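What the coordinates show
Below, each chain spelled out in residue letters.
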Amino acid sequence: MFESRTSLKTAFPLFPLFPALLSLFCRACPQAGNFPTGSNGVTEDIFNRFTTQRVLSAASLPPQPTSVEFFPASPEFLVLGKAGEVCHFVLTADSAARLGSFVLPEVAPAPAEIGLTDVAFDPQFARNGFVYFCFSTGDNRWNRIVRVQWSNNYQATANSLAVILNVDRQAPGRAWHGIYSLAFGGDGHLYAALGDATQSQYAQDPASLLGKLIRIAPRESGGYDIPADNPLRTAPNTRGEIVALGLRSPFRLLAWQGGLLLADVGSNQFEEINLYTGGAVNFGWPECEGVCSQPGFRNPILAISHRDPTYQNEDPEAIGELRHSLSLGVVYEGAGEDPYKDLLDGRLLFNDVFLGYIRAVKIARTGELSDNKHICHHVGVTSMTVGPQGYIYGSALFAPQIFRLVLKPAG
C-alpha cells in the first residue's frame, strides 16, 4: 500500500510511533504526465475551497486508524485500527461518542504496512447483520477476509467471526502489498483487491490470487462460492475468482456505476487510478506501469507521474515530500441540497497520503475525467466516506483523527 525507499524520519519526527507503517502508501506506474488540471467548457470555482474539521482526535481512536465507514442509513460508524481494533461510534453534533469495541484475532502486531485496513457492510445488512473486514495476518503469512454478525454485544459480535477467504502470501520478504480493500459491487458480489506480496511475478500468474482483483459470493455459513458468470471461472490453470490481473499494491476500491474504481500504488514512477467495468482485464503490472503501449493491457484512467510536480505546485500547503501513495475517496453524487453547494457533484475525490493533496475531478459514466482541481490539503488521509447530511468524512493516520470535509468560510 504505502512503502517508500526514502528515509521516513525526515518528514515525520513521530516515526518511532509507527515504524514501518509509513511504507504502506508510497509508489506507482510508467508513461509520464499528470491529468490536465483544466478542461473545456464551464468549470466551477472549487480551487482550494475546502478544509477539514476534526471530529475525533487520537485520544478517542484506536492507534493508527486506517478506515472509517458508516453503518447503512445511520449516524453510527466504525473506525478500524491497524492492529485489529474495531471501534464503534455515533455522531453527536460536531463530535462523536464511542459506544464500544472489539479486536479481530491474528491481526497484531501488524508489522510494516500490513494490518486491518477495510470494512464493508453486506447489501442485506438490515436482514443479516453481516460486516466484512480484510487484513493481512500479523505473521505476514495470509491475506484474509473475515465476517462478523453485528450486534451491540461486542463480545458476541467478535465470537461470530467466520473466515471467508485465506490467501497464502508465499513467504514474502517484507510485510508489504497486502489485502487493503474490499467492496460490494452493484451486482451484490464481494470484490477484493490483493497486492502482489512484493513478489511481482504473481501479478501475471493466473494460478495465484496475489496481485489480482477478485469477485466472490460469500456463503452464510462461511467460505464462498465462485459466481457462475465470473469471466475466468472455466479457464484452465486459472483461479476462477479472478476478474483482473496485473495489480501491484492496490489501495482503496470504490464501487461506482456498476463497475469499480481502484487506485494502484506503483514502483517509483506512477500512481494509477483504474476502472473495472466487467469481463477479464489485465492492468499490466509488472510488465507496464502507467499508460502502456503493449497490447492486452488496460490503461489507467489516470496516471500520475512522480516526475511531474503539477499537483504539488498547485497545492498552497505542499510540504516538499518525496514519497507518493495514491488513495481513492468517494464519487460524490449528492442529490438535492448538500453541504458543498453542489460544487462536488459528479466528482471523484482522490488524495496522496504522503503529499497531502486532495483533488476532485469530474468523472463521466464512461470513466472520462475532466476539470481536475486541488480542493484541500490534509496529510495521511487513508479513507473517505459519505455520512449523514451529505458530509464527507475521512480517517487520517499520521496525526490520527476522524475529520469532516467542509467548505471554507466565504471571504
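Our structure is the block above this text.
About the cut-offs
- Residues numbered from 1 in each chain as written.
- Predicted model: local features only at pLDDT ≥ 70, side-chain atom pairs only at ≥ 80, totals over all residues.
- Heavy atoms only, no water.
- Helix = DSSP H or I, 4+ residues; strand = E, 2+ residues; numbered from the N terminus.
- Buried < 20%, exposed > 50% of the residue type's maximum accessible area, 1.4 Å probe, protein only.
- Lys, Arg positive; Asp, Glu negative; His and termini not counted.
- Salt bridge = Lys/Arg side-chain N within 4 Å of Asp/Glu carboxyl O.
- Polar contact = N/O pair within 3.5 Å; in protein donor to acceptor, adjacent residues only side chain to side chain.
- Pairing = 2+ DSSP bridges.
- Axes fitted to C-alpha atoms, helices over the stretch in contact; angles between N-to-C directions.
- 1 Å grid on protein atoms, 1.4 Å probe; cavity = no way out; pocket = protein on both sides within 12 Å on 5 of 7 lines; lining within 4 Å.
- Points joined across faces, edges and corners; volume = space filled by probe spheres on them.
- Nonpolar A, V, L, I, M, F, W, Y, C, P; charged D, E, K, R; others polar.
- Disulfide = S-S within 2.5 Å.
- Phe/Tyr/Trp six-rings, centres within 6.5 Å; stacked < 30°, edge-to-face > 60°.
- Lys NZ or Arg CZ within 6 Å of the ring centre and 35° of its normal.

Remarks on the side chain of Glu 271
- Within the fold, Glu 271 resides in strand 17 (residues 270-276).
- Arg 248 provides the closest opposite charge to the buried, unpaired Glu 271, separated from it by 7.2 Å.
- Only 2.7 Å separates the side chain of Glu 271 from the side chain of His 306, close enough to count as a polar contact.

Thoughts on the sheet that holds strand 22 (residues 357-363)
- Read across the open sheet, the 4 strands follow the order 20-21-22-23; overall the sheet is antiparallel. Of all strands in the sheet, those bounded by a partner on one side alone are strand 20 (326-332) and strand 23 (369-377). Within this sheet the neighbouring strands show an average axis-to-axis angle of 25 degrees, counted without direction.
- Pairing of strand 21 (residues 347-352) with strand 22, which is carried by 5 bridges, proceeds in the antiparallel orientation. Among the inter-strand pairings, Phe 350 is bridged to a residue of strand 22, identified as Arg 359.

Digging into the layout of surface pockets
- Here the largest pocket is characterised by a volume of approximately 850 Å³.
- Going through the elements one at a time, strand 2 (65-70), strand 6 (116-121), strand 10 (179-184), strand 15 (250-256), strand 20 and strand 24 (381-386) are the ones with two or more residues in the lining of the largest pocket.
- Of the residues assigned to the lining of the largest pocket, the class counts are 23 nonpolar, 6 polar and 5 charged.
- The calculated volume of the second largest pocket comes to roughly 160 Å³.
- Lining the second largest pocket are 14 residues, with Asp 122, Asn 128, Tyr 132, Phe 184 and Pro 218 positioned closest to its centre.
- Contributions of two or more residues to the lining of the second largest pocket are made by helix 1 (125-128), strand 7 (130-136) and strand 12 (213-218).
- Residue classes in the lining of the second largest pocket are distributed as 6 nonpolar, 3 polar and 5 charged.

Regarding the state of the cysteines
- For the coordinates displayed, the defined rule picks out 1 disulfide.
- A sulfur-sulfur separation of 1.8 Å characterises the disulfide bridge that pairs Cys 288 with Cys 292.
- You can call Cys 288 buried: its relative accessible area is 7%.
- On the accessibility criterion, Cys 292 (11% relative accessible area) is buried.

A look at unusual backbone geometry
- Residue Pro 109 follows Ala 108 across a cis peptide bond; omega there is 5 degrees.
- Tracing the backbone through its elements, the reader meets Pro 109 in the loop between strand 5 (95-103) and strand 6.
- Cis peptide bonds are those with omega within 30 degrees of zero, and the linkage from Trp 285 to Pro 286 qualifies with 0 degrees.
- Topologically, Pro 286 is positioned in the loop between strand 18 (281-282) and strand 19 (302-305).
- Its identity as a non-glycine residue notwithstanding, Asp 342 has a phi of 70 degrees, on the positive side.

Some remarks on the packing of aromatic side chains
- All told, the structure shown has 19 aromatic pairs when counted by the stated rule.
- Measuring from centroid to centroid gives 5.1 Å for Phe 70 and Phe 77, while their planes differ by 50 degrees, and the two rings are tilted.
- Looking at Phe 70, the relative accessible area reads 6%, which means it is buried.
- Owing to a relative accessible area of 1%, Phe 77 belongs among the buried residues under this scheme.
- With 5.4 Å between their ring centres and 15 degrees between their planes, Phe 77 and Phe 89 make a pair best called stacked. Of this pair, Phe 77 sits in strand 3 (residues 76-81) while Phe 89 sits in strand 4 (residues 85-92), and the two are 12 residues apart along the sequence.
- Look at Phe 89 and you get buried, because its relative accessible area is 0%.
- Each residue in the set Phe 71, Phe 102, Phe 121, Phe 125, Trp 150 and Tyr 154 is aromatic and connected to the rest through ring pairs, giving one cluster.
- Above the plane of the ring of Phe 130 lies Arg 147, whose end atom (NZ or CZ) is 4.0 Å from the centre.
- The aromatic ring of Tyr 391 is capped on one face by Arg 404, whose charged end is 5.3 Å from the ring centroid.

Regarding the sheet that holds strand 24
- Pairing in this open sheet of 4 strands is antiparallel, and the strands run 1-26-25-24 from one edge to the other. For this open sheet the edge positions go to strand 1 (50-57) and strand 24, each flanked by a neighbour on one side alone. Strand after strand, the sheet turns through a mean of 30 degrees between neighbouring axes, direction not considered.
- In this structure, strand 1 lies alongside strand 26 (residues 401-407), joined through 7 bridges in antiparallel fashion. In the strand pairing of strand 26, Ser 57 is matched with Gln 401.

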